[in-house]
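Here are the chains, one letter per residue:
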Amino acid sequence: MSRFHENHREDVAGRANVEDTPELLAYYDDLIKYEAGALWTVANKIEPWEPKSESVPVVWRYNDLRAHVLRSVDLVTPEKAGRRVIYLNNPGRQDVHAAVGWIYAGLQVMNPGERASAHRHSASAIRFIMEGTGAYTVVDGHKMTLGRNDFVLTPNGTWHEHAVEASGTPCIWQDGLDIPLVNALEANFYEVHPDLSEPVAFPVDDMTKTWGNPGLTPSGGDWNNGYSPMFKYEWEPTYDALAKYATATDGSPFDGVMMEYVNPTTNGPVMKTMGASMQMLRPGEHTKAHRHTGSYLYHVAKGSGHSIINGKRFDWSERDIFCVPSWAWHEHVNGSSTQDACLFCLNDLPVMRSLGLYREEAFGENNGNQPLL
Ligand SMILES: [Fe+2]
Ligand SMILES: [Fe+2]
């Protein structure tokens, strides 16, 4: 039987429902010789009724991974490794290195005094800082100091390098990139900086100081690069904004108090392919379930609790990373009755929205919450 003879019959009018006969099987074999095939033999497979993600829900627990991430410091140098990163593998994905959907993620570690060489690529990247002091990133000559829970962009095509000051402590951060998407589109270029380093050309943290002021943009500020000029979104003002917003809203039934990181020049997503949000689950909050297209990688910035994804419970606590695949039912629960919990979320919503593929649905039974499987 050839690879094209997998006929997924479904007894539905208008969908492929052809019985194999010796004549048809011979016909299919003839078509193969000419690098062709009969669509009705594969239509039900290549055009599902609804999205069927190959990614599965996973929690990557920081308690399990942290020691192994730190081990890599003794085993390889940043120079030899290029980037000393432990990547997160979704066991459902056999085709690419993805944490979920078309999003790659990893945990990068650097010791004080270490520096990774400058490079650029077509893939866009974000960083979410987990621990350590003294880390900095340089993006197109803009140096940014990095603190815990800061969110940093290295948009596609920008030169970037990372380092930790000699006076700092070991630093770990989450990387998130659209590498699988850009590779699927066969559009990825990668280039090492000719000097292996880039000069700092602006005052430290200038882009956040220029573009990160609430409700204010610089007079005469000119920016039209397709990504946010605010390369770093710091944790303190983000948390303050959420706390303030929480006093003025009931929040979303599905997400609690959620705010999007935006490009201040467009109010749109920070980059063309990836968006990000921070949401606060108030003490004791248990959201309603919904599902939508797009892939979502959550990072627990604060607190602990659990999420129910496609009927299964996944517990999480601070620094854990978990994913919600496209079109999976999900709801979130803050495990504390006194403290809020905050979830950072990296997603491919800008792609879904710009291609007209975004779709969302609320869970209609059981008062909006999934029964546990
Ligand atoms: Fe990079
Ligand atoms: Fe959601």
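Residues numbered from 1 in each chain as written. Chains lettered and ligands numbered in written order. Predicted model: local features only at pLDDT ≥ 70, side-chain atom pairs only at ≥ 80, totals over all residues. Heavy atoms only, no water.

## Focus: the sheet that holds strand 12 (residues 232-233)
The strand order across the open sheet formed by 6 strands is 2-3-10-5-8-12, and the pairing between neighbours is antiparallel. Each having just a single partner strand, strand 2 (85-87) and strand 12 make up the two edges of the open sheet. Strand direction decides the pairing type here: strand 2 and strand 3 (residues 104-110), joined by 3 bridges, are antiparallel. Note that in strand 3 the partner of Ile86 across the bridge is Leu107. Along the sheet, helix 3 (residues 62-75) makes contact with strand 2, strand 3, strand 5 (125-131) and strand 10 (171-177), crossing strand 3 at roughly 55°. (Pairing = 2+ DSSP bridges. Helix = DSSP H or I, 4+ residues; strand = E, 2+ residues; numbered from the N terminus. Contact = heavy atoms within 4.5 Å. Axes fitted to C-alpha atoms, helices over the stretch in contact; angles between N-to-C directions.)

## Notes on the coordination of the iron ion (ligand 2)
Bound to the iron ion (ligand 2) are the protein donor atoms His290 (NE2), His292 (NE2) and His330 (NE2), situated 2.1 to 2.2 Å from the metal. For the iron ion (ligand 2), the single-chain donor residues occur in sequence as H-x1-H-x37-H. With His290 in strand 15 (residues 290-292) and His330 in strand 20 (residues 330-334), the pair connects residues that are 40 residues apart, well separated along the chain. Here the two residues His290 and His330 agree in accessibility, since each one is buried. (Donors = N, O, S within 2.8 Å, 3.2 Å for Na, K, Ca; no water. Buried < 20%, exposed > 50% of the residue type's maximum accessible area, 1.4 Å probe, protein only.)

## Section: the pattern of salt bridges
Across all of its chains, the model carries 16 salt bridges by this definition. Note that Arg291 is salt-bridged to Glu361, the shortest N-O span being 2.8 Å. Of this pair, Arg291 sits in strand 15 while Glu361 sits in strand 22 (residues 360-362), and the two are 70 residues apart along the sequence. Take Arg291: its relative accessible area is 12%, and that puts it in the buried class. If you follow the salt bridges from partner to partner, you end up with Glu50, Arg291 and Glu361 in one network. (Salt bridge = Lys/Arg side-chain N within 4 Å of Asp/Glu carboxyl O.)

## Side note on the domain arrangement of the chain
Many structure descriptions define interface size as the accessible area lost when the parts assemble. Partitioning the chain into structural domains gives domain 1 (3-46) and domain 2 (59-368). Between domain 1 and domain 2, the C-alpha centre-to-centre distance is 43 Å. (Domains from an automatic or database assignment.)

## Thoughts on unusual backbone geometry
One non-glycine residue with positive phi stands out, namely Asp140, at about 45°. Mapped onto the fold, Asp140 is located in the loop between strand 6 (135-139) and strand 7 (142-145). Even without being a glycine, Asn149 presents a positive backbone phi close to 70°. Position of Asn149 among the secondary structure elements: in the loop between strand 7 and strand 8 (151-154).

## Structural notes on the coordination of the iron ion (ligand 1)
On the protein side, the iron ion (ligand 1) has His119 (NE2), His121 (NE2) and His160 (NE2) as donor atoms, found 2.1 to 2.2 Å from it. Look at where the donors of the iron ion (ligand 1) fall in the sequence and you get H-x1-H-x38-H. Of this pair, His121 sits in strand 4 (residues 115-121) while His160 sits in strand 9 (residues 160-164), and the two are 39 residues apart along the sequence. Residue His121 is classed as buried on the basis of its relative accessible area, which comes to 6%. Overall, His160 belongs to the buried group, its relative accessible area being 1%.

## What about the confidence of the model for the chain?
On average, residues of the chain score 94 in pLDDT, and 97% of them reach the 70 mark or higher. Overall, residues 1-10 carries pLDDT values under 50, and its contacts beyond four positions in sequence, including any with other chains, amount to 29 contacts. (pLDDT = per-residue confidence, 0-100.)

## Describing the sheet that holds strand 1 (residues 59-60)
With antiparallel pairing, 6 strands are arranged side by side in an open sheet as 1-19-16-21-14-13. If you trace the sheet from one side to the other, it starts and ends with strand 1 and strand 13 (257-260), each paired once. Sheet topology places strand 16 (residues 296-302) next to strand 19 (residues 321-324); 4 bridges connect them, and they run antiparallel. Of the residues in strand 19, the one forming a bridge with His299 is Ile321.

## Thoughts on the packing of aromatic side chains
Here a ring pair, both rings aromatic, is described through the centre-centre distance and the interplanar angle of the planes. All told, the structure shown has 15 aromatic pairs when counted by the stated rule. Ring centres 6.4 Å apart and planes at 35° place the aromatic pair Tyr227 and Phe231 in the tilted group. Residue classification places Tyr227 among the buried residues on the basis of a relative accessible area of 9%. Pairwise contacts between aromatic rings join Phe128, Phe151, Tyr233, Tyr261 and Phe344 into one cluster. Arg93 extends its terminal NZ or CZ atom over the ring of Trp102, reaching a point 4.9 Å from the ring centre. The side chain of Lys143 reaches across the aromatic face of Tyr136, ending 4.1 Å from its centre. (Phe/Tyr/Trp six-rings, centres within 6.5 Å; stacked < 30°, edge-to-face > 60°. Lys NZ or Arg CZ within 6 Å of the ring centre and 35° of its normal.)

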